[in-house]
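Overview (structure and organization)
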Amino acid sequence: MLELALYLPNFREKITVTELEDLTALAEELEYESVWTLDRIIVPESSDRAEMEFAFGMMHELPKQLPVSSRGEFLQGFPLIPWLAAKTTKVRIGMSIIDTPYRSPGVLAAELATIDHLSNGRLNVAVGSGWMPEEFAAASAGHIFPRRHQHLRESIEIMQGIWANDVFEYHGEFADFGPSGFGAKPLQSPRPPMYFSGLKDAKRAAKRVAKYGLDGWIGIQDSPEEIATWRAGIASELAELDTPRTIDDLDIASMIWTVITDVDMDDTPAGKASNLLVGSERQVTDILKRYREAGLTKLLVWPPFADVPTAKTMDDMKRLKNDILPKIEAM
């Protein structure tokens, strides 16, 4: 089964709360499975000149430049999560993904538990280690960048420990505290669903999923072929690890730019920068069928960064849910 989710365009050159509210309300009305925000603290001025240290997500196919300028009026993703809890009653909510090195693990765990209560148990928690040195510096976390994967591991351990115990202590590299209570546990039992965002290494993703009993994986701009490759790689690694879990136990998701056009578009593969889900209704239907066959379980519908009005995205959301998805389910 392929579920539809909405990836809110809070990271744009110009976006308003009203636009985000309209998109969210429609996702709830159409019974999309979830609504997610994007975690972006800064855009360095070096990005305007395509002189960042790394390309987006450390993916060499992309330029060393973000699609929003340093003077863009984007909105922060984390404060939008409790706002989403207040604005909705059915749809699940989360941020894809939470870069853990920008946040204190204990504070993050306690705040997410409260948000789970605010949403009446509808929170998803997706975590990753981050990739942009400039952003680490702006978040006062520059010293963590070389050890960001260890910070992510500790963050997962601390979140799960706090959520599972009345009193919890931890003694690690990035957090060191004695037995303490952190307030209310999440409403969801034993905890909110947790996703790992992996962009480069199936082995690392599988080890995280297996060791910490995570519930899913989220990628970015993955083609059907890449989804199949990731799924096979994670499945292979899980089979080698001491875990009863298989790939069929996991939610496999990806954030993909999506626009339905009036005419067929050039769908020649062009890597991460390609318009994977930009095309006519026939093209989008065909490629979504291929995604489902490749093992994608959740499409995060991602409005492009520019040149697509919110009204157009809302129309596409309706067509995806009411016209395209029924055709795929009937195939």
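Here the structure is a predicted model, which is why all the values come from computation and not from measurement.

This paragraph deals with the overall build of the chain. On a plain count of helices and strands, the chain comes out with 10 helices and 12 strands. Radius of gyration (C-alpha) of the chain: 19 Å, near the 20 Å computed for a compact globule of 331 residues. Taking the principal axes of its C-alpha atoms as reference, the chain extends roughly 60 × 45 × 40 Å. Taking all 331 residues of the chain together, 57% fall into the buried category. Pairs at least 24 apart in sequence give 72% of the contacts found in the chain among residues at least 6 apart. Taken as a whole, the chain presents about 13,900 Å² of accessible surface, with 52% of it coming from carbon and sulfur. In the chain, 35 side chains carry a positive charge and 50 a negative one; their mean positions are 2 Å apart.

This next bit is on helix α1 (residues 17-29). Taking 1.5 Å per residue, 13 residues should reach 18 Å; α1 reaches 18 Å between its end C-alpha atoms and fits that length. All of the buried residues along α1 are L20, L23, T24, L26, A27 and E28. Of the surrounding secondary structure, the elements contacted by the buried residues of α1 are β1 (3-7), β2 (34-37), α3 (80-87) and α10 (310-330). At the C-terminal side of α1, E31 shows a positive phi close to 60°.

Moving on to helix α8 (residues 224-240). Under the 1.5 Å per step criterion, the end-to-end length of α8 is 25 Å for 17 residues, consistent within 8% with the ideal 24 Å. Within the sequence span of α8, burial applies to P224, I227, W230, G233, I234, E237 and L238. Where α8 is buried, its residues meet α7 (202-212), β9 (216-220), β10 (251-261) and α9 (281-294).

Let's shift gears to the pattern of salt bridges. As enumerated under the stated definition, the model contains 21 salt bridges in all. One salt bridge in this structure joins K14 and E73, with 2.9 Å as the shortest N-O distance. Of this pair, K14 sits in the loop between β1 and α1 while E73 is found in the loop between α2 (45-48) and α3, placing the two residues 59 residues apart along the sequence. Using a relative accessible area of 45% as the deciding quantity, one classes E73 as partly exposed.

Definitions and cut-offs
- Residues numbered from 1 in each chain as written.
- Predicted model: local features only at pLDDT ≥ 70, side-chain atom pairs only at ≥ 80, totals over all residues.
- Heavy atoms only, no water.
- Helix = DSSP H or I, 4+ residues; strand = E, 2+ residues; numbered from the N terminus.
- Rg over C-alpha atoms; globule rule 2.2 N^0.38 Å.
- Buried < 20%, exposed > 50% of the residue type's maximum accessible area, 1.4 Å probe, protein only.
- Contact = heavy atoms within 4.5 Å.
- Areas by Shrake-Rupley, 256 points an atom, 1.4 Å probe, with all protein chains shown as cover.
- Lys, Arg positive; Asp, Glu negative; His and termini not counted.
- Charge placed at Lys NZ, Arg CZ, Asp CG, Glu CD.
- Expected span 1.5 Å × (residues − 1).
- Salt bridge = Lys/Arg side-chain N within 4 Å of Asp/Glu carboxyl O.

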